[in-house]
Amino acid sequence: MNNEIVDLHLNDPQVRKTWEDFLTSLGITDFQSQETDAIDFTLGIYEGDKLVATGSAAGNILKYIGVCNKGVDQGSRFNTIVSALISRLFQQQIFHLFVFTKLKYSDSFQHVGFHELAHSDVAALLETGDSSIDDYLDAIPRVADQTNKRVAGIVMNANPFTRGHRYLVEQAAGENDVVYVFVVNTDASLFTKAERFELVKQGTADLKNVIVVNGGDYMVSYATFPAYFLPAPDQQVDYQTTLDARIFRDRIAPALNIKTRYLGTEPLSRTTGIYNQVLQRELPPQVAVKIVDRKTTTDGTIVTATAVRKAIADDQLDSLAALLPPSTINFINQHLESLQFRIKKGMNINGN
Amino acid sequence: MEIKQTALAGTLESSDIQIMLSKGTDGITIDLESDVEKQFGDQIRKVITDTLAEFDIDNGKVKAVDKGALDCVIKARTIAVAQRALQTQDQPAWEAF
């Protein structure tokens, strides 16, 4: 089995150990279960009985790519393994791929057709496939004479859409000609992406200068910011959010003439707290950052979606009227059973 | 002819070319990555465009990563990707050869 592509079954402890040892020797050492559990398949190349190249895929993201070049042309095994990963994903009808890698490997991926979305001092995010960030941006609706308008952007998961989100959008809508609300596309929350998107739309329907769009793969997605959905150390959150912020600053904001990004203060979520700090560091001067204080209810409680999800889990719906706009309350009343069922099935409601 | 689905042919191995063909609206657009782009870029684009024309494909996005493929390889890979995209793999297009 020399230089043939084989499937590595990581649930075999022997294979798993070989794989971890090989990657560790190349400086990849993070084998936490939340990272490795997401892997859909892993490929490898053996030279004799020695593993010399490997790569994995999780959804549309390439991960854990490691290659030893000893005794072969520089790059040939890398090309083989990336090529095999791409073909396999294509067979699964996944045509749009991302890779999150160390900055020094960005060139290698560009050499096999990837395009860089953003890079920081340590890491880079690249994409390839049948659609790109330019296609995504082209498809976003625009208003007449947008280059001379004051345009703002907000990114939210809205799990679900609360009066707090509404307040933030209202502030932005009052101070700008156009406000884009990007709803996080990744489906890893109690409310599905379709539900969250619809509730944001309904909850802002009366604000005529608000355009609700899907955040796609480019804003707080599994590709740009996995730590939003998975617990991660502070430094990792910082790395990922830096890239997320730079994609927004360098690609999204210029294309739509977004000059201001609105944020809500985040007293309760550590991850979002770091994200907000990074945005304040990275976005100006190209994009101004405007922080709006958290909305509180009349008795001073902070409005958060976390509290809403807890109320759903505890069946305490009376408390929701103060936190949610009518459209969201209606939805919850109509779908209470299925939401509670999702929580029972193990959906985490304490994250974001 | 209308492209039915995104398709891929070829690999990233040396002397090969990997070609992806997907729906487009703006004629044939080719995004080419090649070490010999300067010397042979125009020729590679011409082979791809001519071959697609034999399948009457007028609109499509092509993404090609060339690793030093000869014209015959480029043509073979383009035929394969076109047939996969049109879902006509089971009807060999003899006249395109």
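Here is what the cut-offs are and how they apply
Residues numbered from 1 in each chain as written. Chains lettered and ligands numbered in written order. Predicted model: local features only at pLDDT ≥ 70, side-chain atom pairs only at ≥ 80, totals over all residues. Heavy atoms only, no water. UniProt positions renumbered as here; feature names shortened; annotations may be inferred. Helix = DSSP H or I, 4+ residues; strand = E, 2+ residues; numbered from the N terminus. Buried < 20%, exposed > 50% of the residue type's maximum accessible area, 1.4 Å probe, protein only. Contact = heavy atoms within 4.5 Å. Areas by Shrake-Rupley, 256 points an atom, 1.4 Å probe, with all protein chains shown as cover. Domains from an automatic or database assignment. Buried area = accessible area lost by both parts, 1.4 Å probe. Salt bridge = Lys/Arg side-chain N within 4 Å of Asp/Glu carboxyl O. Polar contact = N/O pair within 3.5 Å; in protein donor to acceptor, adjacent residues only side chain to side chain. Nonpolar A, V, L, I, M, F, W, Y, C, P; charged D, E, K, R; others polar. 1 Å grid on protein atoms, 1.4 Å probe; cavity = no way out; pocket = protein on both sides within 12 Å on 5 of 7 lines; lining within 4 Å. Points joined across faces, edges and corners; volume = space filled by probe spheres on them. Pairing = 2+ DSSP bridges. Axes fitted to C-alpha atoms, helices over the stretch in contact; angles between N-to-C directions.

An unreviewed UniProt entry lists chain B under the name Citrate lyase acyl carrier protein, with Furfurilactobacillus milii given as the organism. Per UniProt, chain B has the following entry under Subcellular location (unreviewed entry): "Cytoplasm". UniProt, in its Sequence similarities (unreviewed entry) section for chain B, records the words "Belongs to the CitD family."

An unreviewed UniProt entry lists chain A under the name [Citrate [pro-3S]-lyase] ligase, with Furfurilactobacillus milii given as the organism. Looking at the Function (unreviewed entry) heading of the UniProt record, one finds this comment for chain A: "Acetylation of prosthetic group (2-(5''-phosphoribosyl)-3'-dephosphocoenzyme-A) of the gamma subunit of citrate lyase."

Draft legend 1. View of the overall build of chain B. In terms of helices and strands, chain B carries two helices and four strands. Counting from the amino terminus, helix and strand elements in chain B follow one another as β-β-β-α-β-α. Along the first, second and third principal axes, the C-alpha atoms of chain B reach 30 × 25 × 20 Å. Counting every position in chain B, which comprises 97 residues, the buried fraction comes to 45%. Of all intrachain contacts in chain B linking residues separated by at least 6 positions in sequence, the fraction that spans at least 24 positions is 75%. Surface summary for chain B: the accessible area is close to 5,000 Å², and the carbon and sulfur share equals 50%.

Draft legend 2. Focus on the domain arrangement of chain A. Residues and elements named next belong to chain A. The domain architecture assigned to chain A consists of domain 1 (5-130) and domain 2 (140-344). Centre-to-centre, using C-alpha coordinates, domain 1 lies 32 Å away from domain 2. On the domain 2 side, the residues contacting the 19 residues of domain 1 number 15 residues. Approximately 1,400 Å² of surface area, both sides summed, lies buried where domain 1 meets domain 2, with 64% of it carried by carbon and sulfur atoms. Of all residues in domain 1, Gln34, Phe100 and Leu117 bury the most surface against domain 2, accounting for 31% of the area lost on that side. Inspection of the region where domain 1 meets domain 2 yields zero salt bridges. In this structure, the connection of domain 1 to domain 2 is made through three residue pairs in polar contact (both at pLDDT 80 or more). When residues of the side of domain 1 that touches domain 2 are traced back to their parent elements, those giving at least two are helix 2 (33-36), strand 5 (96-102), strand 6 (115-119) and strand 7 (123-129). Classifying every residue of the side of domain 1 that touches domain 2 by side-chain character gives nine nonpolar, five polar and five charged.

Draft legend 3. Quick look at the layout of surface pockets. Residue and element names in this part refer to chain A. Approximately 1,300 Å³ is the volume found for the largest pocket. Residue lining of the largest pocket: 42 residues in total, with Ile28, Ile65, Thr101, Lys102 and Tyr105 positioned closest to the centre. Counting residues per element, the lining of the largest pocket draws most heavily on strand 4 (residues 61-67), which supplies seven residues. The residue makeup of the lining of the largest pocket, split by class, is 20 nonpolar, 15 polar and seven charged. If you count residues domain by domain, the lining of the largest pocket takes at least three from each of domain 1 (5-130) and domain 2 (140-344).

Draft legend 4. Representation of unusual backbone geometry in the model. All names here are of chain A. Cis peptide bonds are those with omega within 30 degrees of zero, and the linkage from Asn159 to Pro160 qualifies with 0°. Note on placement: Pro160 falls in the loop between strand 8 (151-156) and helix 6 (163-175). The linkage connecting Pro284 with the following residue, Pro285, adopts the cis geometry, with an omega of 5°. By the element assignment, Pro285 lies in the loop between helix 9 (270-282) and strand 12 (288-292). Of note in this structure, Tyr64 is not a glycine but carries a positive phi near 45°. When you line up the elements, Tyr64 lands in strand 4. Its relative accessible area of 10% is what places Tyr64 among the buried residues. Of note, Asp315 is a non-glycine position whose phi angle comes to about 65°, a positive value.

Draft legend 5. Quick look at the UniProt feature "modified residue: O-(phosphoribosyl dephospho-coenzyme A)serine" (unreviewed entry) in chain B. UniProt annotation of "modified residue: O-(phosphoribosyl dephospho-coenzyme A)serine" (unreviewed entry) refers to Ser14(B) when read in the numbering used here. Using a relative accessible area of 64% as the deciding quantity, one classes Ser14(B) as exposed.

Draft legend 6. Representation of the interface of chain B and chain A in the model. Contact residues are listed per partner, giving 17 residues for chain B and 19 residues for chain A. Where chain B abuts chain A, roughly 1,400 Å² becomes buried across the two surfaces, and 50% of that area is made up of carbon and sulfur atoms. Taken together, the connections running from chain B to chain A amount to one salt bridge. The interface formed by chain B and chain A holds twelve residue pairs in polar contact (both at pLDDT 80 or more) in total. Those elements giving two or more residues to the side of chain B that touches chain A turn out to be strand 1 (7-9), strand 2 (17-22), strand 3 (28-34) and strand 4 (60-66) of chain B. Its residues assigned to classes, the side of chain B that touches chain A shows five nonpolar, five polar and seven charged.

Draft legend 7. Quick look at the sheet that holds strand 4 of chain A. All names here are of chain A. Taken in spatial order, the seven strands line up as 1-2-3-4-5-7-6 in an open sheet, and their pairing is mixed. Two strands in the sheet have a free side with no partner beyond their single neighbour: strand 1 (5-7) and strand 6. Sheet twist, expressed as the mean angle between neighbouring strand axes with direction ignored, is 25°. Looking at chain direction, strand 4 and strand 5 are connected through two bridges and run parallel. Within strand 5, the residue paired with Ile61 across the bridge is Phe98. Together, strand 5, strand 6 and strand 7 form the strand contacts of helix 8 (residues 234-256), whose direction differs from that of strand 6 by roughly 110°.

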